[in-house]
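What follows is the residue order along each chain.
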Amino acid sequence: MSTAKATGGPLQVPVVDIDGFEDGDTERRAEIARLVDRAAREVGFLQIKGHGIPEIAADGLAEAMDDFFALPFEDKVAYKPPTPEVNRGYTAPRDERLSYSLGVTSPADLFEAYNVGVEASKFADLDLPEDHYPANMWPERPALFERNVEEWMRQANKLANTLTRVFAVALDLPADYFKSYTDHSMDTLRMNRYQLPDGDVRLEPGQLGMGPHTDYGVVTVLWADDVLPGLQILDSEGGWHDVRPAPGALLINLGDLLARWTNDRWISTMHQVLAPVDSEGRPLLRRSAAYFLDGNADAVIDCLPSCLGPEEPKLYEPVTVAEHLAAKLAGSRSLKPNPNAGREASRLRSLSV
Ligand SMILES: O=C(O)CCC(=O)C(=O)O
Ligand SMILES: [Fe+2]
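The protein is annotated in an unreviewed UniProt entry as 2-oxoglutarate and iron-dependent oxygenase domain-containing protein from Kribbella lupini. Note on the protein: under the UniProt heading Sequence similarities (unreviewed entry), the record states "Belongs to the iron/ascorbate-dependent oxidoreductase family." Heading Pathway (unreviewed entry) of the UniProt record for the protein holds this comment: "Antibiotic biosynthesis."

Here it is, written out as structure tokens:
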């Protein structure tokens, strides 16, 4: 087991105000793209201001999550999917192990979660495969769940799409370059709650809220409580740093597909969530919701020609989004260690003690 200890204090995650990207002048667009390019090369995580998502949408999401997770366990497990391959519905504490998405073993993760996502029926004319675009399982209670969560997904999706346009400009590509890779994107929202039952804070050595992983898709929009211990990211020297969301900002991080497109010029940052226990050993509550813009299932991701050169050989073979996601999810959800994540995993393995 290779879980690193926290070695650093909080890391300054670059803050970028994207207001004016869609309707500003060329200079403003170029300035935003320049800041994003720098953050993507150096950290892979950003705090986005000027995102335009109203606070009421985040409040609605939090209320839906709180009310669902407060239900009795028997009510929640009724929404487990028929098999773990179906990335929908309820995940109980200790069901998943995120580090297996990298082929690295670990104790069971402590988070519980609820997953919803884009369904095949959203693009009826495309005849998309149900296994990559499964139907949602909307809980009957709380009554506001579906409406509030759908609204958050709509807002997060819009922001994620704007970000793909910023990324394209930052990579000297036409602003709509990524559209043909994301116009029927198999997005998922994972709503996480980290809270151990009162009086049961026995942890296995190295057990975490969520094990180390890189996100699988293009970009993640992350809403999270500012609670420590919580989210940590790995720096290039092998040190873990706490990340605290700035007021009014949304965290975003780049996923594996952007690392593949850019031949690792941009970082798909390794991150983990510590066990929700304070320094006195008492349980803490922390919540987060990760909206994953994962790309079209049938899109082939290959290195951008501008990211190759005599000194920059291709680091990843082309892969379809569906293949890449299936191998990652088989790791975290079905505990079949992913054999195809050598490059990402090497960053973690080098920390082994
Ligand atoms: O809880 C967090 O802050 C991070 C969650 C996360 O990394 C994920 O859901 O992929
Ligand atoms: Fe993540």
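Having put the structure on the table, let's press on.
Of regular secondary structure, the protein possesses 8 helices and 14 strands. At 19 Å, the protein has a C-alpha radius of gyration in line with the 20 Å of a compact globule built from 353 residues. With the C-alpha coordinates aligned to their principal axes, the bounding extent of the protein is approximately 55 × 50 × 40 Å. Evaluated residue by residue, the protein yields a buried proportion of 56% over its 353 residues. Restricting the contact set of the protein to residue pairs at least 6 apart, pairs at least 24 apart contribute 79%.

Counting 92 residues, the largest nonpolar core has Val149, Trp152, Phe167, Leu189 and Met191 as the members making the most contacts within it. Among the elements that take part in this core, helix H4 (residues 145-170) stands out by supplying 12 residues, more than any other. Of all hydrophobic cores here, the second largest spans 8 residues; its members include Leu102, Val104, Met270 and Ala345.

For the rest of this paragraph, the subject is the environment of Arg38. Positionally, Arg38 belongs in helix H1 (residues 26-42). C-alpha of Arg38 to C-alpha of Ala156: the two residues are 118 residues apart in sequence and 23 Å apart in space.

Turning our attention to the coordination of the iron ion (ligand 2). Six octahedrally arranged donors around a metal ideally form angles of 90 or 180 degrees; four tetrahedrally arranged donors ideally form angles of 109.5 degrees. Around the iron ion (ligand 2), the protein contributes the donor atoms His213 (NE2), Asp215 (OD) and His271 (NE2), which lie 2.1 to 2.2 Å from the metal centre. Going along the chain, you hit the donors of the iron ion (ligand 2) in the pattern H-x1-D-x55-H. Of this pair, Asp215 sits in the loop between strand S6 (210-213) and strand S7 (219-224) while His271 sits in strand S11 (residues 271-273), and the two are 56 residues apart along the sequence. We note that Asp215, like His271, is buried.

In this section: the sheet that holds strand S4 (residues 112-117). Read across the open sheet, the 8 strands follow the order S1-S2-S10-S7-S12-S5-S4-S3; overall the sheet is mixed. Two strands lie at the open edges of the sheet, namely strand S1 (15-17) and strand S3 (89-91), each paired on one side alone. Strand-to-strand, the axes of this sheet are offset by a mean angle of 25°, without reference to chain direction. The strands touched by helix H2 (residues 55-69) are S3, S4, strand S5 (188-194), S7 and strand S12 (286-293); relative to S5, the strand with the most contacts, the crossing angle is about 60°.

It is worth spelling out the sheet that holds strand S8 (residues 231-234) at this point. Taken in spatial order, the 4 strands make up an open sheet running S6-S11-S8-S9, and their pairing is antiparallel. Two strands close off the open sheet at either side, each with one partner strand: S6 and strand S9 (240-242). Taken pair by pair, the neighbouring strands of this sheet meet at an average axis angle of 20°, ignoring direction. Inspection of the sheet shows S8 paired to S9 by 3 bridges, in the antiparallel sense. Paired with Gln232 across the bridge in S9 is Asp242.

Summed over all chains, the structure comprises 14 aromatic pairs. Judged by centre distance (5.7 Å) and plane angle (55°), the rings of Phe68 and Phe145 are tilted. Of this pair, Phe68 sits in helix H2 while Phe145 sits in helix H4; the two residues are 77 residues apart in sequence, bridging distant segments of the chain. For Phe145, a relative accessible area of 1% translates into the label buried. Measuring from centroid to centroid gives 5.9 Å for Tyr177 and Tyr181, while their planes differ by 35°, and the two rings are tilted. On the basis of relative accessibility, which here comes to 19%, the residue Tyr181 falls in the buried class. Members of the aromatic cluster, connected to one another through ring pairs, are Phe68, Phe69, Phe73, Tyr79, Tyr90, Tyr114, Trp138 and Phe145. Taking NZ or CZ as reference, Arg29 lies 4.5 Å from the ring centre of Phe21, over its face. For Arg343, the ring lying beneath its charged end belongs to Tyr316, and the centroid distance is 5.7 Å.

What follows deals with the UniProt feature "domain: Fe2OG dioxygenase" (unreviewed entry) in the protein. Here the UniProt-annotated "domain: Fe2OG dioxygenase" (unreviewed entry) positions come out as residues 185-295. Span residues 185-295 is 5% helix and 36% strand, its end C-alpha atoms 4 Å apart.

All right, on to H1 then. One turn of the α-helix equals 3.6 residues, which is why residues spaced by three or four share an orientation. Along its 17 residues, H1 runs 24 Å from first to last C-alpha, staying within 8% of the 24 Å computed at 1.5 Å per residue. For H1, the complete set of buried residues consists of Arg29, Ile32, Ala33, Val36, Asp37, Ala39 and Ala40. Buried residues along H1 sit in contact with S1, strand S2 (45-49), H4 and strand S10 (250-254). One or two steps after H1, the chain reaches Gly44, where phi turns positive at roughly 85°.

Another point: the packing of H1 against H4. One way to put it is that H1 packs onto H4 with a least axis distance of 8 Å and a crossing angle of 85°. Put simply, H1 runs roughly perpendicular to H4. Contacts between H1 and H4 involve Arg29, Ile32, Ala33, Val36 and Asp37 from the first element and Arg165, Val166, Phe167, Val169 and Ala170 from the second. Classifying every residue of the contact of H1 with H4 gives 7 nonpolar, no polar and 3 charged.

Rules of the game
Residues numbered from 1 in each chain as written. Chains lettered and ligands numbered in written order. Predicted model: local features only at pLDDT ≥ 70, side-chain atom pairs only at ≥ 80, totals over all residues. Heavy atoms only, no water. UniProt positions renumbered as here; feature names shortened; annotations may be inferred. Helix = DSSP H or I, 4+ residues; strand = E, 2+ residues; numbered from the N terminus. Rg over C-alpha atoms; globule rule 2.2 N^0.38 Å. Buried < 20%, exposed > 50% of the residue type's maximum accessible area, 1.4 Å probe, protein only. Contact = heavy atoms within 4.5 Å. Core = buried A, V, L, I, M, F, W, Y, C linked by side-chain atoms within 4.5 Å. Donors = N, O, S within 2.8 Å, 3.2 Å for Na, K, Ca; no water. Pairing = 2+ DSSP bridges. Axes fitted to C-alpha atoms, helices over the stretch in contact; angles between N-to-C directions. Phe/Tyr/Trp six-rings, centres within 6.5 Å; stacked < 30°, edge-to-face > 60°. Lys NZ or Arg CZ within 6 Å of the ring centre and 35° of its normal. Expected span 1.5 Å × (residues − 1). Parallel < 35°, antiparallel > 145°, perpendicular 65-115°, else oblique. Nonpolar A, V, L, I, M, F, W, Y, C, P; charged D, E, K, R; others polar.

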